[in-house]
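Structural description and commentary
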Amino acid sequence: MNRNLTVVVVEQNRDRAVAIVDALNESENVDVYVIGNASGLAHEIATHSPDIVLIDIDNPSRDMLEELTIASGPMERPVAMFVSGAAGGLAKAAVEAGVSAYVVDGLQAERIKPVIDTAIARFQVLRQMRTELAETRRALEERKVIDRAKGLLMKAKGIQEDEAYALLRKTAMNQNRRVADVAEALVTASGLLS
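1. Describing unusual backbone geometry
Here the phi dihedral of serine 49 falls at roughly 45°; this positive angle occurs in a residue that is not glycine. For serine 49, a relative accessible area of 48% corresponds to the partly exposed category.

2. Describing the pairing of strand S3 (residues 52-57)
In terms of burial, S3 is a largely internal element, six of the six residues being buried. The side-chain alternation of S3 yields two buried faces, one formed by Ile52, Leu54 and Asp56 and the other by Val53, Ile55 and Ile57. Taken together, the four bridges between strand S1 (residues 5-10) and S3 define a ladder with parallel strand orientation. Bridging from a neighbouring strand, valine 8 pairs with valine 53 of S3. Sheet topology places S3 next to strand S4 (residues 79-83); five bridges connect them, and they run parallel. The residue of S4 that forms the bridge with leucine 54 is alanine 80.

3. So, the sheet that holds S1
Whenever strands of a sheet pair, they do so through backbone hydrogen bonds, lying parallel or antiparallel. Spatial strand order, S2-S1-S3-S4-S5: five strands in an open sheet with parallel pairing. Two strands in the sheet have a free side with no partner beyond their single neighbour: strand S2 (30-35) and strand S5 (101-104). Neighbour to neighbour, the strand axes of the sheet diverge by 15° on average, direction disregarded. Bridge count between S1 and S2: six bridges; the pairing is parallel.

4. As for helix H1 (residues 14-27)
Between the first and last C-alpha of H1 there are 20 Å, a value that for 14 residues agrees with the 20 Å anticipated at 1.5 Å per step. Buried within H1 are the following residues: Ala17, Ile20, Val21, Ala23 and Leu24. The arc that holds every buried residue of H1, seen down its axis, measures 165°, which confines them to one face. The outward face of H1, more than 90 degrees from its buried face, is lined by the exposed residues Asp15 and Glu26. In this fold, the buried residues of H1 make contact with S1, S2, S3 and helix H5 (112-157). Capping the start of H1 is the job of one residue whose side-chain oxygen sits 2.9 Å from the backbone nitrogen of aspartate 15: asparagine 13.

5. Some thoughts on the pattern of salt bridges
Pairing is possible between side chains that carry opposite charge, provided their charged atoms lie close to one another. Using the criterion set out here, one finds nine salt bridges in the structure. Residue lysine 150 pairs with glutamate 161 through a salt bridge whose shortest N-O separation is 2.8 Å. In this pair, lysine 150 sits in helix H5 while glutamate 161 sits in helix H6 (residues 161-174), placing the two residues eleven residues apart along the sequence. With a relative accessible area of 8%, lysine 150 lands in the buried category.

Rules used in this analysis
Residues numbered from 1 in each chain as written. Predicted model: local features only at pLDDT ≥ 70, side-chain atom pairs only at ≥ 80, totals over all residues. Heavy atoms only, no water. Buried < 20%, exposed > 50% of the residue type's maximum accessible area, 1.4 Å probe, protein only. Helix = DSSP H or I, 4+ residues; strand = E, 2+ residues; numbered from the N terminus. Pairing = 2+ DSSP bridges. Axes fitted to C-alpha atoms, helices over the stretch in contact; angles between N-to-C directions. Expected span 1.5 Å × (residues − 1). Arc of directions from axis to C-beta. Contact = heavy atoms within 4.5 Å. Polar contact = N/O pair within 3.5 Å; in protein donor to acceptor, adjacent residues only side chain to side chain. Salt bridge = Lys/Arg side-chain N within 4 Å of Asp/Glu carboxyl O.

Listed below in structure tokens is the structure:
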């Protein structure tokens with residue numbers, strides 16, 4: 001690894017925090033920051049801009065889970081949560097909240113590295129999927145706008161669909177704009193005129 005991995009550890013118990021830091025220092029080239037108090041968690045995490053957040057909680061409540069996952073920015077970075085017990089249906093809620101790894105039976109030194117690697121890999125896959133989904137939604141919205149613009153041109157000029165698209169494309173090329181942008185302008189203008 002070229003640079004150190006930045007890890008924020010959320011752990012209220014000082015002895016456990018020291019054990020986690022020691023285990024991390026043995027297994028990785030890391031810069032570790034420990035947050036012992038959940039108040040101001042979002043600010044603390046943002047200050048360090050970590051590559052991953054490790055949260056160690058004995059028995060999380062649903063409220064605590066929501067607060068910690070929102071504060072740690074699970075959509076911005078991988079989050080691994082270690083819990084001591086099964087904690088009811090919280091595993092599903094944690095995954096839905098964006099937690100990349102939810103490990104029952106607490107944090108054990110020999111499992112830290114594989115869990116970090118898995119959480120980072122899973123986060124990257126999910127981020128790629130979110131990006132692709134957003135691009136697909138954008139393309140679909142653009143296609144809808146282009147279809148509406150073609151319909152407006154077909155009605156206004158009495159032309160066929162392929163001619164309407166050719167006109168949109170030619171206008172876009174002449175104006176050095178995207179077809180979707182020209183279509184959006186046409187649909188907007190049509191809305192103002194009707």
